[in-house]
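Listed below are the residues making up each chain.
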Amino acid sequence: MDESKKQRIYLVIIFLTVLDLVLMGYVTFYPTSWIMKFEVIVFDLILCGIMWIEFIYSYMHCDNKKQYLKENSLSIIGMLPINIVFFRALRLVKLVQLIKLYVLARETGNFSKFLKHTYLDKIILITIIFIISVTVLIRIVDSNINNLQTAFWYIMVTITSTGYGDVVPATSYGKLIGIIAMIGGILIFSTITAVISSLYMSKISKANRDDLESKIEDLSAEIEKLNKKILFILFLFF
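Residues numbered from 1 in each chain as written. Predicted model: local features only at pLDDT ≥ 70, side-chain atom pairs only at ≥ 80, totals over all residues. Heavy atoms only, no water.

So, on to the overall build of the chain. Within the chain, the secondary structure is distributed over 10 helices and 0 strands. Going from the N terminus to the C terminus, the chain shows its helices and strands as α-α-α-α-α-α-α-α-α-α. Here the chain holds 238 residues, and 28% of them are scored as buried. For the chain, contacts bridging at least 24 residues in sequence account for 60% of all contacts bridging at least 6. (Helix = DSSP H or I, 4+ residues; strand = E, 2+ residues; numbered from the N terminus. Buried < 20%, exposed > 50% of the residue type's maximum accessible area, 1.4 Å probe, protein only. Contact = heavy atoms within 4.5 Å.)

All right, on to the nonpolar core then. Ranked by size, the top nonpolar core spans 13 residues in total, and within it Phe130, Val134, Ile138, Ile145, Tyr154, Ile155 and Ile159 carry the most contacts. Put simply, the parts of the chain that give this core at least two residues each are helix H8 (120-141), helix H9 (148-159) and helix H10 (172-237). Setting aside chain neighbours within four positions, we find valine 134 in contact with Ile155 and Ile177. If you look at the next biggest cluster of nonpolar residues, it comprises 12 residues, including Ile14, Leu47, Cys62 and Leu98. (Core = buried A, V, L, I, M, F, W, Y, C linked by side-chain atoms within 4.5 Å.)

For isoleucine 123, the location among the structural elements is in helix H8. According to the relative accessible area criterion, isoleucine 123 is buried, its value standing at 14%. When the C-alpha atoms of isoleucine 123 and threonine 191 are compared, they prove to be 8.1 Å apart, with 68 residues separating the residues in sequence.

Attention now moves to the packing of aromatic side chains. Under the defined criterion, the tally for this structure stands at 2 aromatic pairs. Look at tryptophan 52 and phenylalanine 55: their rings are 5.5 Å apart centre to centre, the planes differ by 80°, and that puts the pair in the edge-to-face class. Residue tryptophan 52 and its partner phenylalanine 55 are both found in helix H2 (residues 34-61); the two are separated by 3 residues, about one turn of the helix. What makes tryptophan 52 partly exposed here is its relative accessible area of 27%. Look at tryptophan 153 and tyrosine 164: their rings are 5.7 Å apart centre to centre, the planes differ by 5°, and that puts the pair in the stacked class. You can see tryptophan 153 sitting in helix H9 and its partner tyrosine 164 sitting in the loop between H9 and H10, a full 11 residues away along the chain. (Phe/Tyr/Trp six-rings, centres within 6.5 Å; stacked < 30°, edge-to-face > 60°.)

Looking now at a nonpolar patch on the surface. A grouping of Trp34, Ile35, Phe38, Val42 and Ile46 is seen on the molecular surface, where their side chains present a nonpolar patch of about 560 Å² in accessible area. For phenylalanine 38, the location among the structural elements is in helix H2. On the basis of relative accessibility, which here comes to 53%, the residue phenylalanine 38 falls in the exposed class. (Patch = residues over 30% accessible without salt bridge, like charges linked within 9 Å, V, L, I, M, F, W, Y side chains within 5 Å. Areas by Shrake-Rupley, 256 points an atom, 1.4 Å probe, with all protein chains shown as cover. Salt bridge = Lys/Arg side-chain N within 4 Å of Asp/Glu carboxyl O.)

For the rest of this paragraph, the subject is H9. Helix length check: H9 (12 residues) gives 16 Å between terminal C-alpha atoms against 16 Å at 1.5 Å per residue, within 8%. Considered for burial, the residues of H9 that qualify are Ala151, Tyr154, Ile155, Val157, Thr158 and Ile159. For H9, the side-chain oxygen to backbone nitrogen distance between the N-cap and glutamine 149 is 3.2 Å, and the N-cap itself is asparagine 147. (Expected span 1.5 Å × (residues − 1). Polar contact = N/O pair within 3.5 Å; in protein donor to acceptor, adjacent residues only side chain to side chain.)

Glancing now at H2. For H2, built from 28 residues, the straight-helix expectation of 40 Å at 1.5 Å per residue is met to within 8% by its first-to-last C-alpha distance of 41 Å. Turning to H2, its buried residues are Val40, Asp44, Leu47, Cys48, Met51, Glu54, Phe55 and Ser58.

With 72% of its residues at a pLDDT of 70 or more, the chain shows a mean pLDDT of 76. Summarising per-element confidence for the chain, the mean pLDDT is lowest in helix H7 (residues 108-118) (58) and highest in H9 (87). (pLDDT = per-residue confidence, 0-100.)

Written as structure tokens, this is what we have:
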């Protein structure tokens, strides 16, 4: 399959996945009619089928099948048509993978080097898993947070250090998870900042190195010209 066709396929699946996440989130957290819920479930089943087709095709055409299964273990869980919020949230992992594949289909060399040096895809994956985990945990252990929507809101506000104070954990375990979320948020954003800074510094270093090499080449050319002039003068006198 040519790269342009791959790009189009990945882009369509990315769009359908985002739409599915929005619809599933809506019918999960807001009261809707059973007809709409049924239609969303059917749409989700169709999308799961499309994802499995893409997964099987990629698996059949990859070089290291064992490594491919290892890297996509969470994506496999996210593709299962199970109506559990935790499994549905893992669809975000699959979305990140699809976006990565789409970009790789466009700029294989540059993007591969970028991911290899920055590990940005792994950072995003860890961030998603961390947010899902602490959201589910605080919903389970804290009596003051009685639904996943409130739990997710509290975790996002805590991780980003916004701290509106409209949702506060009531139990000791809830407060402990809040502390873990704060520390995790600091580590995540510090890591992303370090990655971006490293990327810009490497570009600056490369630009300086290229500039230095260019100046050295110019000096070498000037020295070569001077040597020719000196040889010419010596030839005239001797």
